[in-house]
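Per-entry structural report
Next come the chains, spelled out residue by residue.
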Amino acid sequence: MTSTTTVIIGAGQAGLAMSYELSALGIDHVILERGVIANSWRKDRWDSLHLLTPNWQNRLPGCAYSGPDPHGFGSKDALASRLAGYANTHRLPVKTGIDVASVTPGALGYRVHTQVGPFDCRNVVVATGACARPAVPGLALGLPHDLPAFTTTSYKRASDLPDGGVLVVGASASGLQLAREIQRSGRQVI
């Protein structure tokens, strides 16, 4: 069993920013990440994703954007690399490859259950991201089982799709980026 004041779940932008601030205050803590630093950006997004906010706006505490294109829209890979560099530069206490199974009341306040044993702490910060699970409309249950369907976390690139036209459901920024990419691959997109 490990004891600490705070456990942060997730080593993305929010988790790393929280860790930086806790470090500045001298508060002991640990970040538990199921994969690698910026795991969702690296593995749960499509290959060509570009951010919806300009590079200068994707800053972190103690680290303003310093690249060549502050008003551009960086790729997910550039952001993931930047986040990993930030964690290393600031020596943030990230433990990778640790799945959090549950959080329950514990002796110090909370017990965080993982495959490597429990972590007891007074505080838990859940920094797992806004879109950990895609919202799939209920009508999708009525689609034929042999009809391929993808979400924004399972789609990676247009070349992975079977031949034929594509229906993109949703016209948010993600839906529009995907529709444009798939159409540029030569497919009919609705």
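Here's a quick rundown of the structure. (Residues numbered from 1 in each chain as written. Predicted model: local features only at pLDDT ≥ 70, side-chain atom pairs only at ≥ 80, totals over all residues. Heavy atoms only, no water.)

1. Some points on the side chain of E33
Rule in force here: Think of it this way: any DSSP run of H or I at least four residues long counts as a helix, any run of E at least two long counts as a strand, and we number them from the N terminus. When accessible area is computed with a 1.4 Å probe and restricted to protein chains, residues below 20% of their type maximum are described as buried, those above 50% as exposed, and intermediate ones as partly exposed. When charges are counted, Lys and Arg contribute as positive and Asp and Glu as negative, whereas His and the chain ends are disregarded. A carboxyl oxygen of Asp or Glu within 4 Å of a side-chain nitrogen of Lys or Arg is what we treat as a salt bridge. Identification of polar contacts relies on pairs of N or O atoms within 3.5 Å, with a donor-acceptor requirement for protein atoms, meaning one able to donate a hydrogen and the other able to accept it, and with residues adjacent in sequence counted only if both atoms are side-chain atoms. Any two residues whose heavy atoms approach within 4.5 Å at even a single point are treated as in contact.
Relative to the helices and strands, E33 resides in strand β2 (residues 29-33). Buried E33, no salt bridge; nearest opposite-charge side chain is R34, N-O distance 4.5 Å. One polar contact links the side chain of E33 to the main-chain amide nitrogen of G35, over a distance of 3.0 Å. Not counting the four nearest positions on each side in its chain, E33 is found in contact with G10, A11, N39, V94, K95, T96, G97 and I98.

2. Re the packing of helix α1 (residues 13-24) against helix α3 (residues 76-89)
Filter applied, for reference: To obtain an axis, a line is fitted to C-alpha atoms, over the contacting stretch when the element is a helix, and the angle between two such axes runs from 0 to 180 degrees between their N-to-C directions. The scheme is simple: roughly parallel for angles under 35 degrees, roughly antiparallel for over 145, roughly perpendicular for 65 to 115, oblique for anything else. Helix crossings are classified by the rotation of the near helix relative to the far one: an anticlockwise turn of less than a right angle makes the crossing left-handed, while a clockwise turn makes it right-handed. Here the term charged refers only to Asp, Glu, Lys and Arg, the term nonpolar to Ala, Val, Leu, Ile, Met, Phe, Trp, Tyr, Cys and Pro, and the term polar to all other amino acids, Gly among them.
Packing of α1 against α3 brings their axes to within 11 Å, and their N-to-C directions diverge by 20°. As summarised for this structure, α1 and α3 are arranged roughly parallel, according to the angle between their axes. The two elements α1 and α3 meet at a crossing, and its hand is left-handed. Here Q13, L16 and Y20 of α1 come into contact with α3, specifically with L83, Y86 and A87. Of the residues contributing to the contact of α1 with α3, the split by class is five nonpolar, one polar and no charged.

3. A few points about the pairing of β2
Let me state the cut-off plainly: With the strands pointing away from the viewer, any crossover whose connection runs clockwise from the first strand over the helix to the second is right-handed. The criterion for strand pairing is that DSSP finds at least two bridges linking the strands in question.
In terms of burial, β2 is largely enclosed, as five of its five residues are buried. Burial along β2 is two-sided: H29, I31 and E33 facing one way and V30 and L32 facing the other are all buried. After leaving strand β1 (residues 2-9), the chain enters α1 and then returns to the sheet as β2, a path that is right-handed. Here β2 pairs with strand β3 (residues 94-96) via three bridges, running parallel. Counterpart to L32 in the pairing with β3 is K95.

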